[in-house]
Amino acid sequence: MPDKELAASIERWTEWLRTQRNYSSHTISSYLSDINIFLDYLGRTKVKLEDLQKMEVRDFRNFFSHRAKSEIRKASIAREESAVRNFFKWLDDNNIIHNMAIFQISSPKLPKVLPRAIDVNTTFDILDRAILDCSEPWLGVRDMAVFTLLYGCGLRISEALGLNVEDVGDSDFLKIRGKGNKDRYVPILPVVVERIENYKKCCPYKLEKGAALFLGAKGERVKARIIQRKLQRIRTALNLPATVTPHALRHSFATHLLAQGSDLRSIQELLGHASLNSTQRYTDVNLDTIQKEYKKAFPN
């Protein structure tokens, strides 16, 4: 458990993650949990900043070794290490304490996870079904617009639901504020604009500039879990695997573009990847299969 001074530093750090790094509330909660696990391991009633200052390389290694022996997944250990590294880097940058010992430890190697794209026809089935099974008709029109936006523009769900009314207008491009507060411009297809306009006409609430574009049943900005649950219901209805998520629509956008001959650099810009390495994962999918699906969906 941290003492008051350390607790205040943790609070400042999480606020920085939210406002300066644009981390989602889910990521921040996970990082906080990871830091608390780390502090609990230290085994002191009140952990102080000076205790963190004195930690040596072997102390950090002992902690992660202890976590590994607890049969924690490698991905979870990697995230815990990322959280601790991030916090110590922030403490150093803000001249609170200076301890770079953790940066002498190699991060655990994780197995390469390939994007799981949805085939073209199934993607369209999902978009068509989004309008069904809602308590009110306008909510179905909203869900169809959101899913079409995720697939048609390759957005993260947080980016799509973070849009305000004025963000979709007369321009052929969307200005998206992505991870790390980095802006990018994404072309918006006419079908995406059309479905957003249909939603705006059906929405019973007044949509004003500066306010959320996509609203929930009570007029508040719709939350990600609402859209996730809707896709879960669609998944069940269509007998699709658990890998079919809102983020899979973003993966499918990139994979289908690649299958049609788009270059990696362009896809990198559209997705807002900081590194081309992240985008290069899409070269490992079966492009022949994707191309055949496209020919079925778009016959000459």
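Shown above is the structure to which this text applies.
Residues numbered from 1 in each chain as written. Predicted model: local features only at pLDDT ≥ 70, side-chain atom pairs only at ≥ 80, totals over all residues. Heavy atoms only, no water.

Explain the overall build of the protein here, please?
Along its length, the protein carries 14 helices and two strands. For the protein, the residues scored as buried account for 43% of the 300 residues in total. Look at the contacts in the protein between residues 6 or more apart in sequence, and 64% of them connect residues 24 or more apart. (Helix = DSSP H or I, 4+ residues; strand = E, 2+ residues; numbered from the N terminus. Buried < 20%, exposed > 50% of the residue type's maximum accessible area, 1.4 Å probe, protein only. Contact = heavy atoms within 4.5 Å.)

Which parts of the structure should I look at to understand helix α9 (residues 190-202)?
Over its 13 residues, α9 extends 18 Å from the first C-alpha to the last, a length consistent with the 18 Å expected when each residue adds 1.5 Å. Considered for burial, the residues of α9 that qualify are Val192, Arg195, Ile196 and Tyr199. Considered in projection along α9, the buried side chains sweep an arc of 100° and stay on one side of the axis. Seen from the open side of α9, the exposed residues pointing more than 90 degrees away from its buried face are Pro190 and Lys201. In the core, the buried residues of α9 are packed alongside α6 (120-129) and α7 (137-153). (Expected span 1.5 Å × (residues − 1). Arc of directions from axis to C-beta.)

Quick question: what am I supposed to make of the nonpolar core here?
One broad trend across soluble globular proteins is that nonpolar side chains are buried collectively. One finds Phe147, Leu149, Leu155, Ile196, Tyr199 and Phe214 to be the most contacted residues of the largest nonpolar core, which totals 43 residues. Secondary-structure elements contributing two or more residues to this core are α6, α7, α8 (157-161), β1 (173-177), α9, α10 (224-238) and α11 (246-259). With 11 residues, α7 is the single largest residue contributor to this core. Apart from residues lying up to four places away in sequence, Phe214 is in contact with Arg142, Ala145, Val146, Leu149, Ala160, Leu161, Ile196, Tyr199, Glu220, Arg221 and Val222. With 29 residues, the next largest nonpolar core counts Leu6, Trp13, Phe38 and Val47 among its residues. (Core = buried A, V, L, I, M, F, W, Y, C linked by side-chain atoms within 4.5 Å.)

I would appreciate a short explanation of the side chain of Glu80 in the present structure.
Residue position: Glu80 is located in helix α5 (residues 74-93). In contact with Glu80, not counting residues within four places along its chain, are Asp34, Ile37, Phe63, Phe64 and Arg67.

Explain the pattern of salt bridges to me, please; I cannot follow it from the model alone.
Should the charged atoms of two oppositely charged side chains come close, the side chains can pair. Applying the stated criterion across every chain yields a total of 11 salt bridges. As a salt-bridge pair, Lys89 and Asp93 come within 2.8 Å of each other at their nearest N and O atoms. Of this pair, Lys89 and Asp93 are both found in helix α5, four residues apart, which corresponds to roughly one turn of the helix. Since its relative accessible area comes to 39%, Lys89 is described here as partly exposed. Connected via shared salt-bridge partners are Arg142, Asp143 and Lys230. (Salt bridge = Lys/Arg side-chain N within 4 Å of Asp/Glu carboxyl O.)

I tried to follow the pairing of β1 on my own but got confused; where do I start?
Of the two faces of β1, the one holding Leu174 and Ile176 is buried and the one holding Phe173, Lys175 and Arg177 is not buried anywhere. Across five bridges, the pairing between β1 and strand β2 (residues 183-187) is antiparallel. Among the inter-strand pairings, Leu174 is bridged to a residue of β2, identified as Val186. (Pairing = 2+ DSSP bridges.)

Explanation requested: the packing of α6 against α10 in the structure shown.
Helix packing geometry: the angle between the two helix axes and the distance between the axes. Interhelical geometry of α6 versus α10 gives an angle of 120° and a closest axis separation of 10 Å. With respect to each other, α6 and α10 are oriented oblique. Seen from above, α6 lies across α10 with right-handed handedness. Residues Asp125, Ile126 and Arg129 of α6 touch α10, and the partners they reach there are Lys230, Leu231, Ile234, Ala237 and Leu238. (Axes fitted to C-alpha atoms, helices over the stretch in contact; angles between N-to-C directions. Parallel < 35°, antiparallel > 145°, perpendicular 65-115°, else oblique. Left-handed = near helix turned anticlockwise from the far one by under 90°.)

The analysis is restricted to geometry; functional conclusions fall outside its scope.
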